[in-house]
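Coordinate inspection notes
Each chain, written out:
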Amino acid sequence: MKLSHSLVLTLPLVSGWAMAADLSVKFDLPQLNVAEYHKPYVAIWLERADQSVAANLAVLYDLKKDAAGDKWVKDLRTWWRKAGRDAKFPLDGVSGATRPAGSQTMKFAGVKHGLDKLPAGEYKLVVEASREAGGRELVKVPFTWTGKGKVAANAAGKEELGAVALELQ
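**A word on the nonpolar core**
In this structure, Leu125 and Phe143 are the most contacted members of the largest nonpolar core, which totals 30 residues. When residues of this core are traced back to their parent elements, those giving at least two are strand E1 (23-29), strand E2 (41-48), strand E3 (53-60), strand E5 (102-108), strand E6 (121-130), strand E7 (136-145), strand E8 (151-156) and strand E9 (163-168). Counting 14 residues, the second largest nonpolar core, distinct from the first, contains Val59, Tyr61, Leu76 and Ala83.

**Focus on the environment of Trp45**
The residue Trp45 is located in strand E2 in this model. For Trp45, a relative accessible area of 0% corresponds to the buried category. Along the chain, Trp45 and Ala55 lie 10 residues apart, while their C-alpha atoms are 5.7 Å from each other. Setting aside residues no more than four positions away along its own chain, Trp45 makes contact with Val53, Ala55, Asn56, Leu57, Thr78, Trp79, Lys82, Lys124, Leu125, Val126, Glu128 and Leu138.

**Some details on the sheet that holds E8**
With antiparallel pairing, four strands are arranged side by side in an open sheet as E5-E1-E9-E8. Looking at the sheet topology across the chains shown, the edges are occupied by E5 and E8. Between one strand axis and the next, the sheet turns by 10° as a mean value, whatever way the strands run. Where E1 meets E9, five bridges bridge the pair, whose relative direction is antiparallel. By the bridge assignment, Val25 is partnered in E9 with Leu166.

**A look at the confidence of the model for the chain**
Note that predicted coordinates carrying low pLDDT should not be read in detail. Put simply, the chain has an average pLDDT of 84, and 86% of its residues get 70 or more. Within the model, pLDDT remains below 50 along residues 1-19, and this stretch shows two contacts once partners closer than five positions in the same chain are excluded.

What counts as what
- Residues numbered from 1 in each chain as written.
- Predicted model: local features only at pLDDT ≥ 70, side-chain atom pairs only at ≥ 80, totals over all residues.
- Heavy atoms only, no water.
- Core = buried A, V, L, I, M, F, W, Y, C linked by side-chain atoms within 4.5 Å.
- Buried < 20%, exposed > 50% of the residue type's maximum accessible area, 1.4 Å probe, protein only.
- Helix = DSSP H or I, 4+ residues; strand = E, 2+ residues; numbered from the N terminus.
- Contact = heavy atoms within 4.5 Å.
- Pairing = 2+ DSSP bridges.
- Axes fitted to C-alpha atoms, helices over the stretch in contact; angles between N-to-C directions.
- pLDDT = per-residue confidence, 0-100.

Below you can see the structure in the form of structure tokens.
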């Protein structure tokens, strides 16, 4: 009796751990040769096949103490319309500082971002960048998640974003 009781308590922990999905996102922010260069604001999220938000992963913006940086987050127009307008900033575990030009890598733990509960299906990793006195660009990376194994996919932007790659396992 004791053995079966302890087995029942252990199984959910083991299965939850075994199904955890960790995501790594690499993206390039090109150094543009312009008179006035500002680090772009960047939003990263996962979309379901119906284009609804499955998970907010990161919103990188100017994290000033006086909240002036929040004012320009709405320039990430697609993310703002889908998930941002109802958010209170900073978003716990999602908000972060802007990044300099170059190759960036961000890792998202499955349990922390709800990826461990991601059902099998068709998804898109979406990366949106918007720069003051500059442009805005959106890159979508489609992928299929089976619930286990590794998934790798990539795409590329043309102006505000360079290569975008994901690895989910």
